[in-house]
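Observations on the three-dimensional arrangement
Here is how the chains run, residue by residue.
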Amino acid sequence: MNRRSVAVAVARKDLAVEAGSRVIVNQVAPFALVVMVMFAFALDNDGILQRVAPGLVWLATLFSMLVVVQRSFAVESADGALDALRVAGVDPAAIFLGKSAALMVQLFALEVVLVCAAFVLYGVEPTAAGWAEAFVTMVAATVGLGFVGTLYGGLAAGARGRETLLPLLLLPVVAPVLIGATRATEAAFGSGGASVSEGWPWIGLLAVFAVIFGAAGSVAFGPLVDE
Amino acid sequence: MTPTAAHATTGTPATRRLGAVVAVLLALLVMSGLWWSAEDVVQGSTVRIMYVHVPSIWVAYMAFALTAVCSGAYVSGRSRSVAWDRVAGASAEIGVLFVAVSLVTGSLWGRLTWGTYWVWDARLTSTAFLFITYVGYLAVRRLGGTLRQRARRSSVIALLAVLEIPLVHFSVELWRSLHQEASVANPNARVELDGLMLFTLMLGLATFTALFVWLLLHRQRVILLEDTVADRGLDEAIASRRDEAGAR
Amino acid sequence: MENVVELRGVVAVLGGFPALAGVDLTVARGEVVLLQGPNGAGKTSVLRVCAGLLPVERGGGTVLGMDVTSQREAIRSRVGLLGHTNGLYLDLTVTQNIRFWASTVGATTEEVAAAMARMGLDGRLASVRADRLSAGQRRRCALASMLVRRAELWLLDEPHAGLDAAGRDEIDAVLRDAVSAGATVVVSSHELERAGALASRVVTVDGGMIVDGGTR
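Since we're looking at a predicted model, the values are computed, not measured. (Residues numbered from 1 in each chain as written. Chains lettered and ligands numbered in written order. Predicted model: local features only at pLDDT ≥ 70, side-chain atom pairs only at ≥ 80, totals over all residues. Heavy atoms only, no water.)

A short note on the overall build of chain C
Of regular secondary structure, chain C possesses 7 helices and 10 strands. Its C-alpha radius of gyration of 17 Å places chain C within 12% of the 17 Å reference for a compact globule of 216 residues. Taken over the C-alpha atoms alone, chain C extends approximately 50 × 35 × 35 Å along its principal axes. On chain C, roughly 8,100 Å² of surface is accessible, and the fraction owed to carbon and sulfur atoms is 49%. Of the charged side chains in chain C, 23 are positive and 24 negative, and the gap between their average positions amounts to 4 Å. (Helix = DSSP H or I, 4+ residues; strand = E, 2+ residues; numbered from the N terminus. Rg over C-alpha atoms; globule rule 2.2 N^0.38 Å. Areas by Shrake-Rupley, 256 points an atom, 1.4 Å probe, with all protein chains shown as cover. Lys, Arg positive; Asp, Glu negative; His and termini not counted. Charge placed at Lys NZ, Arg CZ, Asp CG, Glu CD.)

Here's what the structure looks like:
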């Protein structure tokens with residue numbers, strides 16, 4: 001079996017699991033929205049909220065991502081499916097790429113919800129060019145997050161104390177994404193007087209991140225999840 | 001070298017000699033750093049923190065580089081010798097220790113010269129990330145399993161850190177460069193080093209490097225002993241496991 | 001005759017505990033070997049080593065001619081393991097599960113349909129979610145995904161556990177089919193009479209070792 005068709009099968013399977021269980025829709029998305037509302041309670045000032053809205057969107061995304069990654073591997077270990085995948089001799093790089101793709105789709109949907117929430121709750125008002133840039137930022141950031149999330153999620157999946165290990169490993173790694181995506185989104189939203197053109201170098205950083213971890217993850221995922 | 005239980009020491013004549021050299025160098029550094037060298041024109045005695053701070057971060061960089069090299073050697077080597085992994089682990093532990101020392105001394109120095117313990121300067125921020133990344137690496141080393149599992153997992157994580165650190169550093173640099181406010185001057189650059197001060201700094205670097213080697217030799221031998229004990233424990237466990245069959 | 005499994009002095013460690021303390025086992029092509037022994041004897045670990053899942057700490061050997069220490073990944077794609085878990089995605093339907101497993105090995109739609117029919121999973125059960133299935137139905141699901149994989153060596157861990165009489169008969173029938181199609185089978189079971197009737201050899205495992213019947 002070639003790598004691509006197995007990866008597609010794995011991604012479709014993960015999305016079918018979500019379609020069947022609706023955990024992201026019914027639990028993670030409301031959680032992300034609650035986080036956005038809590039930020040508003042903590043930073044009780046319209047001006048500040050509008051200024052820091054991009055950072056809050058991405059922080060909420062990262063927190064939600066921890067939950068989504070854990071869910072993605074809980075599905076595999078619930079009835080020993082990860083073992084079964086390994087016994088079936090399925091190419092680990094294909095599993096990595098497939099699970100990353102499914103994670104990206106789920107994260108992207110969450111980000112759309114969060115950006116809409118920022119629009120409604122925090123009063124950000126991007127221009128048309130700003131919306132386009134925000135869209136590209138989300139795509140570039142999501143690809144990178146999908147790769148690292150799957151890579152470190154796979155390592156933590158087999159470990160004791162995985163709930164605490166995953167954030168310790170994952171959050172430092174995604175710091176460049178938080179910085180890059182926040183700055184690019186600030187440019188897109190015009191927060192603090194930033195102009196749209198200031199965002200593109202940051203999107204470049206996000207793209208480099210995604211490419212590096214996509215390649216590294218395809219190689220490293222197998223040795224990390226194996227016994 | 002395989003230590004026996006009767007001779008369970010991590011020292012050899014060579015390390016004892018090195019240890020003596022390190023002790024002498026440390027004493028010299030203390031004398032030179034605290035008494036012989038002059039005060040700085042601007043910073044006064046505060047500058048003396050430099051003689052610990054700069055060598056600490058130097059050792060930390062060296063330690064993490066060694067961890068990366070040993071992890072690469074483990075992954076690429078045909079023999080897959082766990083010895084590489086022991087050196088990688090020992091080196092990372094020492095590196096984490098010295099990053100912590102340099103963060104603490106750095107923030108004390110910052111308090112004295114800038115009036116604040118922490119500034120969101122690019123170098124400080126990426127050093128903090130360096131610290132957290134290798135704390136995570138050490139956590140992965142403690143996940144359990146067999147020695148080979150530990151070696152494979154941790155070497156992959158160490159190599160991923162090699163990718164991650166430049167990315168974090170670069171993005172933090174880019175982040176800070178956007179802010180137009182007067183960047184905090186690099187404390188080292190403001191110091192006019194006279195001959196004796198420069199000598200003390202070099203002495204500090206030499207001393208800490210020797211200290212690193214000495215710690216590394218001992219620490220990786222301690223890990224070797226731990227692994228040997230675990231292996232012995234396995235022999236006993238296998239024997240008692242076999243007895244289960246007879247007992248029934 | 002060619003040996004499908006050949007283990008010599010295999011020690012395997014699980015969380016610091018030597019699950020296997022020196023296993024010697026030979027299985028020839030076409031044999032049906034029954035592993036028996038008390039709980040915790042190491043039967044499951046023997047099967048997992050044969051499947052290339054559990055790393056070998058000491059000793060060595062081959063499975064299907066491939067080395068159990070260095071070629072584990074190659075071994076995995078040619079064996080089928082039915083463990084204590086069924087490897088199902090509980091939020092997916094029976095059909096979705098089996099189609100997924102089929103797609104990882106490139107099995108055709110006809111093969112999927114045949115496997116599902118063989119295990120009585122066509123009809124009403126096909127669209128039921130896996131978490132609503134009974135224990136026996138889940139086993140049948142797992143067996144169906146094994147059927148589409150066309151394994152040369154079948155490793156079955158307590159396949160009869162938790163099943164009613166009809167379910168056990170079904171498992172036995174599938175096993176007989178597999179054997180007559182040329183597969184080699186290693187099965188662990190407490191159902192000695194039932195499994196013994198199928199087996200060409202009975203191997204006793206205890207204390208992480210083969211204490212009886214390890215070689216022909």
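From this point, the discussion proceeds with the structure in view.
A closer look at the pairing of strand S9 (residues 201-206) of chain C
Residues and elements named next belong to chain C. In terms of burial, S9 is largely enclosed, as 5 of its 6 residues are buried. Of the pairings in the sheet, the one linking strand S3 (residues 32-36) to S9 comprises 4 bridges and is parallel in character. Directly across from Leu 35, in S9, lies its bridge partner Val 203. Pairing analysis gives 3 bridges linking S9 to strand S10 (residues 209-212), with the strands arranged antiparallel. (Buried < 20%, exposed > 50% of the residue type's maximum accessible area, 1.4 Å probe, protein only. Pairing = 2+ DSSP bridges.)

Looking at the interface of chain A and chain C
At the interface, 26 residues of chain A touch 27 residues of chain C. Between chain A and chain C the total buried area reaches about 2,200 Å² when both faces are included, carbon and sulfur atoms providing 60% of it. Summed over the shared surface of chain A and chain C, the result is 2 salt bridges. Between the two partners, chain A and chain C, sit 8 residue pairs in polar contact (both at pLDDT 80 or more). Secondary-structure elements contributing two or more residues to the side of chain A that touches chain C are helix H1 (3-21), helix H3 (46-77) and helix H4 (81-87) of chain A. Examining the composition of the side of chain A that touches chain C, we find that 8 residues originate from one element, H1 of chain A, more than from any other. Partitioned by chemical class, the residues of the side of chain A that touches chain C number 14 nonpolar, 4 polar and 8 charged. (Contact = heavy atoms within 4.5 Å. Buried area = accessible area lost by both parts, 1.4 Å probe. Salt bridge = Lys/Arg side-chain N within 4 Å of Asp/Glu carboxyl O. Polar contact = N/O pair within 3.5 Å; in protein donor to acceptor, adjacent residues only side chain to side chain. Nonpolar A, V, L, I, M, F, W, Y, C, P; charged D, E, K, R; others polar.)

A closer look at the interface of chain B and chain A
Counting residues at the interface gives 24 residues for chain B and 26 residues for chain A. Between chain B and chain A lies a buried interface of about 2,200 Å² when both sides are counted; carbon and sulfur atoms form 81% of it. When the buried surface of chain B facing chain A is broken down by residue, Leu 143, Leu 160 and Leu 167 of chain B rank first, second and third, together holding 24% of it. One can count 0 salt bridges joining chain B with chain A. In this assembly, chain B and chain A are joined by 0 residue pairs in polar contact (both at pLDDT 80 or more). For the side of chain B that touches chain A, the secondary structure elements donating two or more residues are helix H4 (122-141) and helix H5 (147-177) of chain B. At 15 residues, H5 of chain B tops the list of elements feeding residues into the side of chain B that touches chain A. A class-by-class count of the residues in the side of chain B that touches chain A yields 16 nonpolar, 5 polar and 3 charged.

Comments concerning the confidence of the model for chain C
The predicted coordinates of low-pLDDT regions are not to be read in fine detail. Residue and element names in this part refer to chain C. On average, residues of chain C carry a pLDDT of 87, and 99% of them reach 70 or more. When mean pLDDT is compared element by element in chain C, helix H1 (residues 43-50) scores highest at 93, while helix H7 (residues 192-198) scores lowest at 75. Confidence estimates for the predicted assembly give a pTM of 0.89 and an ipTM of 0.88. (pLDDT = per-residue confidence, 0-100.)

Quick notes on the pairing of strand S2 (residues 17-28) of chain C
Counting buried positions over the 12 residues of S2 of chain C gives 10, a clear majority of the element. A loop of 2 residues connects strand S1 (residues 3-14) of chain C with S2 of chain C, the two strands running antiparallel in sequence, and Gly 15 of chain C in this loop sits at a positive phi of about 55 degrees.

A look at the environment of Gly 217 of chain A
All names here are of chain A. Structurally, Gly 217 is set in helix H9 (residues 200-225). When the C-alpha atoms of Gly 217 and Gly 149 are compared, they prove to be 9.9 Å apart, with 68 residues separating the residues in sequence. Setting aside residues up to four positions removed in sequence, Gly 217 forms contacts with Phe 96 and Leu 151.

Concerning the packing of aromatic side chains
This model, assessed by the stated rule, comprises 14 aromatic pairs over all chains. In textbook terms, an aromatic cluster arises when at least three aromatic residues are bridged by ring pairs, as seen for Phe 73, Phe 96, Phe 147 and Phe 221 of chain A. The ring of Phe 100 of chain C is capped by Lys 13 of chain A, whose NZ or CZ atom sits 5.4 Å from the centre of that ring. The cationic tip of Lys 99 of chain A hangs over the ring face of Phe 73 of chain A; the distance from NZ or CZ to the ring centre is 5.1 Å. (Phe/Tyr/Trp six-rings, centres within 6.5 Å; stacked < 30°, edge-to-face > 60°. Lys NZ or Arg CZ within 6 Å of the ring centre and 35° of its normal.)

Thoughts on helix H2 (residues 23-42) of chain A
With 20 residues, H2 of chain A extends 27 Å from end C-alpha to end C-alpha; this agrees with the ideal 28 Å at 1.5 Å per step. On its buried face, H2 of chain A sits against H1, H3 and helix H5 (92-121) of chain A. (Expected span 1.5 Å × (residues − 1).)

Quick look at the sheet that holds S9 of chain C
Residue and element names in this part refer to chain C. The 6 strands lie next to each other as S6-S7-S8-S3-S9-S10, forming an open sheet whose pairing is mixed. Pairing within the sheet leaves two strands with one partner each, and these edge strands are strand S6 (79-82) and S10. Sheet twist, expressed as the mean angle between neighbouring strand axes with direction ignored, is 25 degrees. Strands S3, strand S7 (153-157) and strand S8 (184-188) of the sheet are contacted by helix H6 (residues 165-180), whose axis makes an angle of about 160 degrees with S7. (Axes fitted to C-alpha atoms, helices over the stretch in contact; angles between N-to-C directions.)

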